[in-house]
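Each chain, letter by letter, is given below.
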Amino acid sequence: MPERLPSLTGMRGVAASVVFLTHVVYFAGQDDRSGRLSLPVFAVSLGTTAVSLFFLLSGFVLTCTASPADTARSFLRKRLFRICPSHLVVWAGFVLLVRCAGVPRGDGYDASVPGDLAGALLVNTLIPVERIAAGGNPVTWSLTCEVVFYLLFPFLLARIDAIRPARLPLAAGAAVAAVWAVPLASLALDGPEPAHQFIPGFDLTLPQVGLAYLFPAGRLPEFVLGMILARIHLRPGARIARIARRVGSLPAALLVLGALAAGRRLLPSPFALAAVTVLPLALLLLALAAADVAGRRSLLRTLVMRRLGELSYAVYLTHFIVILTVNHYLGSALGITGRTGIALVATLLVSWLLHTRVERPCMRRFATPSARRPTVGEPGLAGSGEHAGTRGGN
């Protein structure tokens, strides 16, 4: 098993960039609300696909890097100290800016004070009230999903490890079927439309947004599929892994785009949130991991993409409030291109500060009990390299 999968790190950077651009489009008001497939609506659809990719990546990377020496407690300690300090810092900045400095939250994010507090505790999307679900930093809804996944991971890993290698493809097929079952079940959920469009261009009721997009139970099959794919990847000679190698990463990426375009045209909106792209995304992950094992050259393996991947969690946390702030203070002075450029530079700068001054120091200081913490001169903890999340709107 390779210690590092640099192409997957680079892919995290791509996913974070897609989410950034999705929110630029969202707040530029360029969405096509008629439901027809246009470039802006397709860009928003790419954002929801990036969210799905984050969940798959999370299960894949955590399984690949799981250590037999880790207990459930030590695993949770590492995970929570990776995500929580940065999350709380950005949450505090977000709440100060919107409640004290007058920066608007943006259309669709009218949250209550209890919602902001629920967002700080990462329980907001577990409470089926719209003004609470939108609380705090809106993109952190996916962190609520990730925390639930972390709690379940030791239990799930033991069950997946117990699957006989010959039955792993069947298990992967069952997970794909479960991903499709979620939007299918959501079609039976009647209810009001959201007060504002959470995902422009998607015709969704509020219960459908909850089940198929925000609620951890609805996203768990994607995380489990990522775990199963990791076991397939680590199994020498697995047929699915061989198929993915033959398909290659570029054709698999094109399959993702084709499946998304076809799904947006042919199927109800809930299916475009994750189901229509889950199979080509699975092929893409296996193809990228196989390319890393073979040492093939790839744009995703370059230093720039790997550094962007390492910053992806911080980018994900900070980009939303940076875009809001730039639009609020410079919206009347600059066009969309100028605002996007400033927001991009500011996001990268703030993300670098968050990563180097909060995320990494907290991981080194708190993620490992003091008796096991590396001393000066010893290598520090290796970040496991997955993120959670996007609104797609993580």
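For the structure itself, look to the data block above.
Please read these numbers as outputs of a predicted model, since none were measured by experiment.

Visitor: What is the right way to look at the overall build of the chain in this model?
Guide: Summing up its helical and strand segments, the chain has 16 helices and zero strands in all. Per-residue burial over the chain gives 53% buried out of 394 residues. For the chain, the computed accessible surface area is about 17,000 Å², with 66% contributed by carbon and sulfur atoms.

Visitor: What is the right way to read helix α11 (residues 249-266) from this model?
Guide: One full turn of an α-helix is made of 3.6 residues, so residues set three or four places apart face in the same direction. With 18 residues, α11 extends 25 Å from end C-alpha to end C-alpha; this agrees with the ideal 26 Å at 1.5 Å per step. Looking at α11, one finds that the buried residues are Ala-252, Val-256, Ala-259, Leu-260, Gly-263 and Arg-264. Viewed end-on, α11 has its buried residues packed into an arc of 125°, placing them on one side of the element. Exposed positions of α11 whose direction lies more than 90 degrees from the buried face are Leu-250, Leu-254, Arg-265 and Leu-266.

Visitor: Help me understand the pattern of salt bridges, please; the structure alone is not making it clear to me.
Guide: Oppositely charged side chains can form a pair if their charged atoms are brought close together. Inspection of the entire model under this criterion finds eight salt bridges. Here Glu-359 ties to Arg-82 by a salt bridge, and the two come within 3.5 Å at their closest N and O atoms. Here Arg-82 lies in helix α3 (residues 72-99) and Glu-359 lies in helix α16 (residues 336-366), a separation of 277 residues in the sequence. Accessibility assignment for this pair places Glu-359 and Arg-82 in one class, buried. Between Arg-301 and Asp-292 there is a salt bridge, with its nearest N and O atoms 2.7 Å apart. By relative accessible area, which is 8% here, Asp-292 ends up buried. Several salt bridges share partner residues, and in doing so they unite Arg-99, Arg-105 and Asp-116 into one network.

Visitor: Sorry if this is basic, but what is going on with the packing of aromatic side chains here?
Guide: To describe a pair of aromatic rings, one takes the distance between the centres and the angle between the planes. For the structure shown, the criterion picks out 11 aromatic pairs. Joined through ring pairs, the aromatic side chains of Phe-55, Phe-75, Trp-141, Phe-149, Tyr-150, Phe-153, Tyr-213 and Phe-223 make up one cluster. Residue placement shows Arg-79 over the ring face of Tyr-150; its charged tip is 5.8 Å from the ring centre. Directly above the ring of Phe-202 sits Arg-264, whose terminal nitrogen or CZ lies 4.2 Å from the centroid.

What counts, and at which threshold
Residues numbered from 1 in each chain as written. Predicted model: local features only at pLDDT ≥ 70, side-chain atom pairs only at ≥ 80, totals over all residues. Heavy atoms only, no water. Helix = DSSP H or I, 4+ residues; strand = E, 2+ residues; numbered from the N terminus. Buried < 20%, exposed > 50% of the residue type's maximum accessible area, 1.4 Å probe, protein only. Areas by Shrake-Rupley, 256 points an atom, 1.4 Å probe, with all protein chains shown as cover. Expected span 1.5 Å × (residues − 1). Arc of directions from axis to C-beta. Salt bridge = Lys/Arg side-chain N within 4 Å of Asp/Glu carboxyl O. Phe/Tyr/Trp six-rings, centres within 6.5 Å; stacked < 30°, edge-to-face > 60°. Lys NZ or Arg CZ within 6 Å of the ring centre and 35° of its normal.

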